[in-house]
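Residues per chain are reported as follows:
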Amino acid sequence: MKALLAIVVTVLVSPMILLAEQPATAQPPDTPPPVAPDNPGPSPLQQWIDNTIPPLPSAAQDPAAAQTALWKGILSPPTGDAAFDGWPGDLDTLQPGQIIETRDVTATTALRMPTPIRQSQLLKFRSTSASGTPSFGTATLITPAAAWTGPGPQPVEVIALPINALGAHCTPGYQFSHGLLDNPSTDLVVFLPSIWWALAQGHAVLVPDHEGPLMAYAEPNVAGHVMLDSIRATRALGSDQFGDSHFVMSGYSGGAIASYAAAMLLREYAPELADVVVGAAAGGVVTDNRDVAHRFNGNISSGILLSVALAVAREHPEMLPYMNHLAQWVGTSPLKDICGDADGPLGVVGFPMDVVANVGDSLNTPIANQMFDKLNLGDRTSAVPLYIYHGVWDPWIPLEDAQRTAREQCSRGVPAVFREVLGEHLTGYVTGSPGLDDWILARLRGEPAPTDC
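Asker: Give a description of the pattern of salt bridges that names residues and reports values.
Answerer: Going through the model one piece at a time under the given rule, you end up with 13 salt bridges. Here Glu272 makes a salt bridge to Arg232, at a shortest N to O gap of 2.6 Å. You can see Glu272 sitting in the loop between α10 (254-269) and β7 (277-283) and its partner Arg232 sitting in helix α8 (residues 220-237), a full 40 residues away along the chain. With relative accessibility at 41%, the residue Glu272 sits in the partly exposed group. Taking relative accessible area as the criterion, Arg232 reaches 15% and is therefore assigned buried. Here Arg404 makes a salt bridge to Asp401, at a shortest N to O gap of 3.1 Å. In this pair, Arg404 and Asp401 are both assigned in helix α16 (residues 399-411), three residues apart and thus about one turn of the helix distant. Exposure remark for Asp401: the relative accessible area of 2% places this residue in the buried category.

In structure tokens form, the structure reads like this:
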């Protein structure tokens, strides 16, 4: 209890980043009432928390207005860059993938590249939220300085970096379009070699900000939509250069959520890309959110779980009525702007989900089950060949979940490859790279996709 009280005090005295700083045109999806009347009542600990910590002050008397105010309060603060903060008023008149604006960001992107690049462009395009409403996405398109000398049009690697963040300034798009010392996000640096390798092959590289404009970390529907719409935007922007190109998608850990989701959603969301995207690779991927949530709950991984819960609530405000007073204060504090290099260390406190909920056994409630169902893409079939790899000693993401996903996709006729690689979750990124690189090159050469099925 002393540790809990210490954190509560810290949160309550922290400077708030509240409603006035949120993008005025961003609106929450329609918020349904709580899903079921049979959610368990609060536990004694949860009662103590809500009796000890006051609710957030709100000028709204209407419960719906209060919930909208809370939703705005948990959003990532604006970056100060309209490309990432501004919601166009005519989104409903645009088609998914339609370009809204572009910006040349070659000078700032080049600072992070060991070899010369010809151009880097920030793309802003229409996309779709988790609930199906018009939204937007951003991505960075990088082309190497050396001319493409291979057969056919220059291929494009769509690389989903593991953003794993709550703050919009943590995205690759923001980082590539700003100076090295402008709100740096050090965790992205670790994964830049995948981009460097692709550029060294002469490939163009497309790096989507796959958490979407609301920074909905680990929400797969948003991630898949942004990935696919970034491909649509690239083909439209450079129709003479990339209109006939082959695209291959890849991602690791948080980025794997995006590449996996894009493969699963492609057939229903962007069927015209079925012959354009030649494969999708996912390493250290989460495919069973229910399993991972229970494994992360209350241990050293709890910081990631709590961050994901807050981020997902940005796209699913039906979760908001189940936040207790502590969660409301923490969710509207400066913690809502952290990058991936901070949410992991937060797990040292080991708080279980029940500490921030107002219903008992919160991961097994009707609302939790409804959310797990919304985040589950296991009933879909990949529209493209798959390459799934996983660290054999991964202590965080279950190896058996990835194995099961590969088997299920095989049983549905998908050319799928599964590889166990040496190491745990972090080292698996390195040890899995050689096999991944060979698979990507083969897909872009047009070779038949191998299969373990």
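Asker: Before we move on, could you go through the environment of His425 and cite the residues and values that matter?
Answerer: With respect to the helices, strands and loops of the structure, His425 is situated in helix α17 (residues 425-431). In this structure His425 comes out as buried when scored by relative accessible area, which is 4%. For the pair His425 and Trp393, spaced 32 residues apart in the sequence, the C-alpha separation amounts to 7.4 Å. Sequence-distant contacts of His425, that is, excluding residues within four places in its chain, are made with Tyr252, Ser253, Gly284, Asp394, Pro395, Trp396 and Ile397. Within polar-contact distance, the side chain of His425 engages the side chain of Ser253 at 2.8 Å.

Asker: Please give an account of the sheet that holds strand β8 (residues 386-391) that cites residues and values.
Answerer: Taking strand neighbours across the sheet as the criterion, the nine strands line up as β1-β2-β3-β5-β4-β6-β7-β8-β9 in an open arrangement whose pairing is mixed. Here the strands that pair on one side only, and so sit at the sheet edges, are β1 (99-104) and β9 (416-421). Pairwise comparison of adjacent strand axes, ignoring direction, gives a mean angle of 20 degrees for this sheet. Across six bridges, strand β6 (residues 247-252) lies against β7 in parallel orientation. Bridge assignment links Phe247 to a residue of β7, and that residue is Val277. Strand contacts of α10: β2 (117-128), β4 (156-160), β6, β7 and β8, with the helix running at about 140 degrees to β6, the strand carrying the most contacts. Packed onto the sheet, helix α18 (residues 433-444) meets β4, β6, β7, β8 and β9 and runs at close to 170 degrees relative to β7.

Asker: Outline the state of the cysteines, supporting the account with residue identities and numerical values.
Answerer: Evaluated as defined, the whole model comprises two disulfides. Paired through a disulfide, Cys170 and Cys339 show a sulfur-sulfur distance of 2.0 Å. Its S-S torsion of about -85 degrees marks the bond between Cys170 and Cys339 as left-handed, since a negative value means left-handed. Of this pair, Cys170 sits in the loop between β4 and α6 (172-176) while Cys339 sits in the loop between α13 (325-331) and α14 (340-343), and the two are 169 residues apart along the sequence.

Asker: Report on the packing of helix α11 (residues 289-296) against helix α15 (residues 366-375), specifying residues and quantitative values.
Answerer: One way to put it is that α11 packs onto α15 with a least axis distance of 9 Å and a crossing angle of 125 degrees. Comparing the axis directions of α11 and α15 gives the class oblique. Between α11, through Asn289, Arg290, Ala293 and His294, and α15, the contact on the second element is made entirely by Asn369, Phe372, Asp373 and Leu375. Classifying every residue of the contact of α11 with α15 gives three nonpolar, three polar and two charged.

Asker: Break down α18 for me, citing the residues and quoting the values.
Answerer: Here α18 spans 16 Å end to end across twelve residues, near enough to the 16 Å set by a 1.5 Å rise per residue. Among all positions in α18, only Leu436, Asp437, Trp439, Ile440, Ala442, Arg443 and Leu444 are buried. On its buried face, α18 is in contact with β4, α7 (192-200), β6, β7, β8 and β9.

Asker: Run through the environment of Tyr322, naming residues and quoting values.
Answerer: The topology assignment puts Tyr322 in the loop between α12 (302-315) and α13. Among the residues examined, Tyr322 registers a relative accessible area of 11% and is labelled buried. The sequence separation of Tyr322 and Asn39 amounts to 283 residues, and the corresponding C-alpha distance is 9.9 Å.

Asker: Could you give an account of helix α3 (residues 63-73), naming the residues involved and the relevant values?
Answerer: Inspection of α3 places Leu70, Trp71 and Gly73 among the buried residues, and these make up the whole buried set. Considered in projection along α3, the buried side chains sweep an arc of 160 degrees and stay on one side of the axis. For α3, the secondary structure elements touched by its buried residues are α12 and α13.

Asker: Please provide a residue-by-residue account of a nonpolar patch on the surface, values included.
Answerer: Taken together, Leu111, Leu180 and Leu181 make up a surface patch of nonpolar side chains, about 350 Å² in accessible area. Residue placement: Leu181 occurs in the loop between α6 and α7. For Leu181, a relative accessible area of 82% corresponds to the exposed category.

Asker: Could you give an account of the pairing of β6, naming the residues involved and the relevant values?
Answerer: Judged by how many residues are buried, β6 sits mostly within the fold: six of six residues are covered. Two elements, β4 and β6, share five bridges in a ladder whose sense is parallel. The partner of Ala160 across the bridge, within β6, is Gly251. Assessed by its sense of winding, the connection that carries the chain from β6 through α10 to β7 is right-handed.

Calculation notes
- Residues numbered from 1 in each chain as written.
- Predicted model: local features only at pLDDT ≥ 70, side-chain atom pairs only at ≥ 80, totals over all residues.
- Heavy atoms only, no water.
- Salt bridge = Lys/Arg side-chain N within 4 Å of Asp/Glu carboxyl O.
- Helix = DSSP H or I, 4+ residues; strand = E, 2+ residues; numbered from the N terminus.
- Buried < 20%, exposed > 50% of the residue type's maximum accessible area, 1.4 Å probe, protein only.
- Contact = heavy atoms within 4.5 Å.
- Polar contact = N/O pair within 3.5 Å; in protein donor to acceptor, adjacent residues only side chain to side chain.
- Pairing = 2+ DSSP bridges.
- Axes fitted to C-alpha atoms, helices over the stretch in contact; angles between N-to-C directions.
- Disulfide = S-S within 2.5 Å.
- Parallel < 35°, antiparallel > 145°, perpendicular 65-115°, else oblique.
- Nonpolar A, V, L, I, M, F, W, Y, C, P; charged D, E, K, R; others polar.
- Expected span 1.5 Å × (residues − 1).
- Arc of directions from axis to C-beta.
- Patch = residues over 30% accessible without salt bridge, like charges linked within 9 Å, V, L, I, M, F, W, Y side chains within 5 Å.
- Areas by Shrake-Rupley, 256 points an atom, 1.4 Å probe, with all protein chains shown as cover.
- Right-handed = clockwise from strand over helix to strand, strands pointing away.

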